[in-house]
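Residue-level listing of the chains:
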Amino acid sequence: MKSTGVIRRIDELGRIVLPKEIRRNLGIREGENLEIFVEEDKMILKKFSKIKDYEEIIKSIGEIVANIYDHKIIVTDREKVIYSNIENIESVSLDKNLINFIQNRESVLKNSLQAYHFNEELKGYYFIMPIITSTDCLGLVLIYSEKELKEENINLLKLVTVLISSKIDIA
C-alpha cells in the first residue's frame, strides 16, 4: 500500500478530510460515496459504484439492443465505460464532457455531429441520456452512429435507460 505521508486529525464528529491531491488522483468528486472496509489494523476507503453490481444485467440489455436494433451502445458508470459493443472502448475513462453530463444529469437528444474521446476520438452522432435512480445519477447510456440518428432512437435510448435504472432502483 502506498503511503502519502499525510496525517489528518479526526474531528469531534469522527470526520476526516481527504486531501485534495488524493481526491483528484483517485477521481473522487463531491457527493460520491465511499465504501469502508476494515482489514486487520487497516481502514480501507474504496470508491463505491452501485452500477458495477449490475454489470452482467447491463451487458445483457446492451447485447439484446445491439443485436435487435444493430446500434452502437455505450453504457458508463460515473468514470468509465462499463459496456460497449464498439471495439476497444470497454473500461476506458470518460471524456470530461461526458462527466459533466453525469454531474448535471443532462441529456443530449439533438442530432448533431459530436466528438468524444474514448481510446481515441470517436466522431459521429450521439443521443445521450443519464442513468438516474431515486438517489443519484449513476452513469450514461449513449447511442452512437457514424450516420445521422433517427427520432425513434430517442425512444430506444429512453427504454434502455429506464430498464437499467429501474433494475438498479428495485434492488
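So, a few notes on the structure that sits alongside this text.

Calculation criteria
Residues numbered from 1 in each chain as written. Predicted model: local features only at pLDDT ≥ 70, side-chain atom pairs only at ≥ 80, totals over all residues. Heavy atoms only, no water. Pairing = 2+ DSSP bridges. Helix = DSSP H or I, 4+ residues; strand = E, 2+ residues; numbered from the N terminus. Patch = residues over 30% accessible without salt bridge, like charges linked within 9 Å, V, L, I, M, F, W, Y side chains within 5 Å. Areas by Shrake-Rupley, 256 points an atom, 1.4 Å probe, with all protein chains shown as cover. Salt bridge = Lys/Arg side-chain N within 4 Å of Asp/Glu carboxyl O. Buried < 20%, exposed > 50% of the residue type's maximum accessible area, 1.4 Å probe, protein only. Core = buried A, V, L, I, M, F, W, Y, C linked by side-chain atoms within 4.5 Å. Contact = heavy atoms within 4.5 Å. Phe/Tyr/Trp six-rings, centres within 6.5 Å; stacked < 30°, edge-to-face > 60°. Expected span 1.5 Å × (residues − 1). Arc of directions from axis to C-beta.

This part is about the pairing of strand 4 (residues 81–84). Looking at chain direction, strand 3 (residues 72–76) and strand 4 are connected through three bridges and run antiparallel. For Val75, the partnering residue across the bridge sits in strand 4 and is Tyr83. Hairpin connection, strand 3 to strand 4: the antiparallel pair is bridged by four residues.

This part is about a nonpolar patch on the surface. Among the surface-exposed residues, Ile10, Ile16, Leu34, Ile36, Met43 and Leu45 lie close enough to one another that they form a single nonpolar patch of about 580 Å² accessible area. Those elements that provide at least two residues to the nonpolar patch are strand 1 (34–39) and strand 2 (42–47). Among the structural elements, Leu34 can be located in strand 1. Relative accessible area serves as the criterion here: at 30%, Leu34 is assigned to the partly exposed category.

To continue, consider the nonpolar core. Buried together is how nonpolar side chains tend to be arranged in soluble globular proteins. If you look at the biggest cluster of nonpolar residues, it comprises 24 residues, and the most contacted ones within it are Ile51, Ile58, Val75, Val141, Val160 and Ile164. Those elements giving two or more residues to this core turn out to be helix 2 (55–69), strand 3, strand 4, strand 6 (121–132), strand 7 (137–145) and helix 4 (152–170). Per-element tally for this core: the top contributor is helix 4, with six residues. Excluding residues that lie within four positions of it along the chain, Ile51 makes contacts with Ile58, Thr76, Asp77, Ile82, Ile131, Leu138 and Ile168. With 20 residues, the next largest nonpolar core counts Val81, Ile89, Leu98 and Tyr126 among its residues.

The next point concerns the pattern of salt bridges. Following the criterion strictly, the structure yields three salt bridges and no others. The partner of Asp11 in a salt bridge is Arg15, and the shortest N-O contact between them spans 2.9 Å. On the accessibility criterion, Arg15 (47% relative accessible area) is partly exposed.

Turning to its location among the elements, Ser84 is positioned in strand 4. Those residues in contact with Ser84, other than ones at most four positions away along the chain, are Ile73, Ile74, Ile89 and Glu90.

Further remarks concern the packing of aromatic side chains. With the rule as written, the count across this model stands at three aromatic pairs. Consider the rings of Tyr116 and Tyr126, whose centres lie 4.8 Å apart with planes at 80 degrees: the pair is edge-to-face. Of the two residues, Tyr116 sits in strand 5 (residues 113–117) while Tyr126 sits in strand 6, which places them 10 residues apart along the sequence. Residue Tyr116 is classed as buried on the basis of its relative accessible area, which comes to 3%. By the ring-pair criterion, three or more aromatic residues cluster together here, those being Phe101, Tyr116, Tyr126 and Tyr144.

Attention now goes to helix 2. Given a rise of 1.5 Å per residue, 15 residues ought to cover 21 Å, and the 21 Å separating the end C-alpha atoms of helix 2 matches this to within 8%. Looking at helix 2, one finds that the buried residues are Ile58, Ile61, Gly62, Val65 and Ala66. End-on, the buried residues of helix 2 take up no more than an arc of 130 degrees, which puts them together on one face. Exposed residues lying more than 90 degrees from the buried face of helix 2 are Glu56, Ile64, Asn67 and Ile68. Note on helix 2: the residue one or two positions beyond its end, Asp70, has a positive phi of about 55 degrees.

So, to be careful, I would describe these as geometric facts and stop short of saying anything about function.
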